[in-house]
Amino acid sequence: DGGITQSPKYLFRKEGQNVTLSCEQNLNHDAMYWYRQDPGQGLRLIYYSQIVNDFQKGDIAEGYSVSREKKESFPLTVTSAQKNPTAFYLCASSINRGTEAFFGQGTRLTVV
Amino acid sequence: ELKVEQNPLFLSMQEGKNYTIYCNYSTTSDRLYWYRQDPGKSLESLFVLLSNGAVKQEGRLMASLDTKARLSTLHITAAVHDLSATYFCAGGPGANSKLTFGKGITLSVRP
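Residues numbered from 1 in each chain as written. Chains lettered and ligands numbered in written order. Predicted model: local features only at pLDDT ≥ 70, side-chain atom pairs only at ≥ 80, totals over all residues. Heavy atoms only, no water.

In this section: the sheet that holds strand E3 (residues 19-25) of chain B. Residue and element names in this part refer to chain B. Read from one edge to the other, the open sheet built from 5 strands follows the order E1-E3-E8-E7-E6, with strand pairing classed as antiparallel. Of all strands in the sheet, those bounded by a partner on one side alone are strand E1 (4-7) and strand E6 (55-58). Direction aside, the axes of adjacent strands within the sheet are offset by 15° on average. (Pairing = 2+ DSSP bridges. Helix = DSSP H or I, 4+ residues; strand = E, 2+ residues; numbered from the N terminus. Axes fitted to C-alpha atoms, helices over the stretch in contact; angles between N-to-C directions.)

In structure tokens, the structure reads:
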């Protein structure tokens, strides 16, 4: 089945730690995105990538980093510089930028 | 920069009645998407509207797009409990632009 897989579903981070969220898609989509969702809020764009080895900052990129070494994979690292990382993180992909986005099941990150 | 506004942000609906929710956007958007999110879950694509006057229907939901008014509506016919969720709209000003999401409208259907 084609789709987007995010892992883990739940992640706990200690203060000062970096953690990496995984996102893999087998839809052969060029564009991939990371969004953050806080309780009762909409989606805010962290980073996006339109093609392998290229990515751009979104609206709230500070404290996050990404890589796009393979078309299928777009991991997100939440660094210790992100002071308030507790949130629901959603990865999405689309055929190209601006077209219909399909979402993974999300990773809920909590700082302990 | 495109801004997307949804209203109301919360709507309590009575079972069996009809309702309409709105998505306004600030600048030209040649595409408009509606998504559904259940509590604690991810977003599920509902409708893709790509041209002025586009109308799509799925079950009790019907979405339409008026690009001149910069408005998309989602009409709910005879609301049922299963429709309780948060509905997001998203638009993009051009073919290769990023999507901008509204804050979402949470619908709650009561007996």
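Still to come is the rest of the account.
All right, on to the sheet that holds strand E7 (residues 64-66) of chain A then. Residue and element names in this part refer to chain A. If you walk across this open sheet you meet the 4 strands as E1-E3-E8-E7, and the pairing is antiparallel. The open sheet has two edge strands with one neighbour each: strand E1 (4-7) and E7. Pairs of neighbouring strands in the sheet enclose a mean axial angle of 20°, with direction left out of account. Sheet topology note: the E1/strand E3 (residues 19-25) ladder contains 4 bridges and is antiparallel. Among the inter-strand pairings, Gln 6 is bridged to a residue of E3, identified as Cys 23.

Residues and elements named next belong to chain B. With 26 residues, the main nonpolar core has Trp 34 and Tyr 87 as its most contacted residues. Top contributing element to this core by residue count: E3, with 4 residues. Sequence-distant contacts of Tyr 87, that is, excluding residues within four places in its chain, are made with Gln 6, Ile 21, Trp 34, Tyr 35, Arg 36, Leu 46, Leu 61, Leu 74, Gly 104, Ile 105 and Leu 107. (Core = buried A, V, L, I, M, F, W, Y, C linked by side-chain atoms within 4.5 Å. Buried < 20%, exposed > 50% of the residue type's maximum accessible area, 1.4 Å probe, protein only. Contact = heavy atoms within 4.5 Å.)

Contact residues are listed per partner, giving 19 residues for chain B and 19 residues for chain A. The contact between chain B and chain A buries some 1,600 Å² in all, and 48% of this surface belongs to carbon and sulfur atoms. Applying the counting rule to chain B against chain A returns 5 residue pairs in polar contact (both at pLDDT 80 or more). Looking at the side of chain B that touches chain A, the elements with two or more residues in it are strand E4 (31-37) and strand E5 (43-49) of chain B. For the side of chain B that touches chain A, the leading source of residues is E4(B), giving 4 residues. Among the residues forming the side of chain B that touches chain A, the class breakdown is 8 nonpolar, 7 polar and 4 charged. (Buried area = accessible area lost by both parts, 1.4 Å probe. Polar contact = N/O pair within 3.5 Å; in protein donor to acceptor, adjacent residues only side chain to side chain. Nonpolar A, V, L, I, M, F, W, Y, C, P; charged D, E, K, R; others polar.)

Turning our attention to a nonpolar patch on the surface. A cluster of nonpolar side chains, namely A:Tyr10, A:Phe12 and A:Val112, defines an oily patch on the protein surface of about 360 Å² accessible area. One can find A:Tyr10 in strand E2 (residues 10-13). (Patch = residues over 30% accessible without salt bridge, like charges linked within 9 Å, V, L, I, M, F, W, Y side chains within 5 Å. Areas by Shrake-Rupley, 256 points an atom, 1.4 Å probe, with all protein chains shown as cover. Salt bridge = Lys/Arg side-chain N within 4 Å of Asp/Glu carboxyl O.)

Moving on, we come to the state of the cysteines. Inspection of every chain in the model, using the stated rule, returns 2 disulfides over all chains. Shown here is the disulfide that connects A:Cys23 with A:Cys91, its sulfur atoms set 1.9 Å apart. Between A:Cys23 and A:Cys91, the S-S dihedral sits near -75°, and the bridge is therefore left-handed. On the criterion of sequence distance, the pair formed by A:Cys23 in strand E3 and A:Cys91 in strand E9 (residues 87-94) is long-range, its members being 68 residues apart. The partner cysteine of B:Cys23 in its disulfide is B:Cys89, sulfur to sulfur 2.0 Å. Handedness here is read from the sign of the S-S torsion; for B:Cys23 and B:Cys89, about 85°, the answer is right-handed. (Disulfide = S-S within 2.5 Å.)

Put simply, A:Ser7 and A:Pro8 share a cis peptide bond, and its omega is -10°. Within the secondary structure, A:Pro8 is located in the loop between E1 and E2. Of note, the amide linkage connecting B:Asn7 to B:Pro8 takes the cis form, showing an omega dihedral of -5°. For B:Pro8, the location among the structural elements is in the loop between E1 and strand E2 (10-14). A positive phi angle, close to 55°, is found at B:Arg70, a residue other than glycine. With respect to the helices, strands and loops of the structure, B:Arg70 is situated in the loop between strand E7 (61-66) and strand E8 (71-76). In this structure B:Arg70 comes out as partly exposed when scored by relative accessible area, which is 34%.

Function-wise, these values are silent; they only describe arrangement.
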